[in-house]
Amino acid sequence: MSLSPDASAVRLVRTDQANLHLWVSNQSFTDDLVALTVSIDGTTVVDRLFAVGTQHNWVLFPVRVAPGHHVVRIVAGTGVEKQASFTMPETGRQYAAVDYGNAMDERQRHVNWFIRSTPIGFA
């Protein structure tokens, strides 16, 4: 297992080749259009604008990630950032979600990240 994979160990692939299903969404009615960039180990896998719509518009990014320890970094166009580490297992698929949002007070913008080994159900 690699403890510091190089950037080539992370890439977007077809859904059936992905071992990481990364879902991304804008959940902010205050910022109804926001730019989000998501990188893993310095490799950008998401870089686009996300509209809030009805808050039920999750976009899938199928990613192939080498087994081992990784760092995810999320940056919103509004200046909000989050960094977290995670470990990809040798086998199996992981499911992750990134959402951008804010409380009623627009100063409380945030991005959330979570990852797990079972599919994510969105309500």
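Just above sits the structure.
Since this is a predicted model, take the numbers as computed values, not measurements.

Caption draft 1: Structural context of the packing of aromatic side chains. For the structure shown, the criterion picks out two aromatic pairs. Taking 6.3 Å as the distance between ring centres and 65° as the angle between the ring planes, the aromatic pair formed by Phe50 and Phe61 counts as edge-to-face. With Phe50 in strand 4 (residues 43-51) and Phe61 in strand 5 (residues 59-65), this residue pair connects regions lying eleven residues apart in the sequence. Judged on exposure class, the residue Phe50 and its partner Phe61 are both buried. Aromatic pair Phe86 and Trp113: ring centres 5.5 Å apart, planes at 50°, arrangement tilted. One end of the pair, Phe86, is in strand 7 (residues 81-88); the other, Trp113, is in strand 9 (residues 109-116), with 27 residues separating them in the sequence. Residues Phe86 and Trp113 agree in their burial class; the two are buried. Sitting over the ring of Phe50, Arg48 keeps its end group 4.5 Å from the ring centre.

Caption draft 2: Local environment of the sheet that holds strand 3 (residues 33-40). The four strands are arranged 4-3-6-7 in an open sheet whose pairing can be described as antiparallel. Either end of the sheet is taken by a strand with one partner, and the two such strands are strand 4 and strand 7. Along the sheet, successive strands turn relative to each other by an average axial angle of 20°, direction set aside.

Caption draft 3: Just the pairing of strand 8 (residues 94-102), in detail. Counting buried positions along strand 8 gives nine out of nine residues, so the element sits mostly inside the fold. Residue alternation in strand 8 divides its side chains into two sets, Gln94, Ala96, Val98, Tyr100 and Asn102 and Tyr95, Ala97, Asp99 and Gly101, and both sets are buried. Judged from the seven bridges that link them, strand 2 (residues 20-26) and strand 8 form a sheet pairing that is parallel. Note on strand 8: the bridge partner recorded for Leu22 is Ala96.

Conventions and cut-offs
Residues numbered from 1 in each chain as written. Predicted model: local features only at pLDDT ≥ 70, side-chain atom pairs only at ≥ 80, totals over all residues. Heavy atoms only, no water. Phe/Tyr/Trp six-rings, centres within 6.5 Å; stacked < 30°, edge-to-face > 60°. Helix = DSSP H or I, 4+ residues; strand = E, 2+ residues; numbered from the N terminus. Buried < 20%, exposed > 50% of the residue type's maximum accessible area, 1.4 Å probe, protein only. Lys NZ or Arg CZ within 6 Å of the ring centre and 35° of its normal. Pairing = 2+ DSSP bridges. Axes fitted to C-alpha atoms, helices over the stretch in contact; angles between N-to-C directions.

Nothing here speaks to function; it is geometry throughout.
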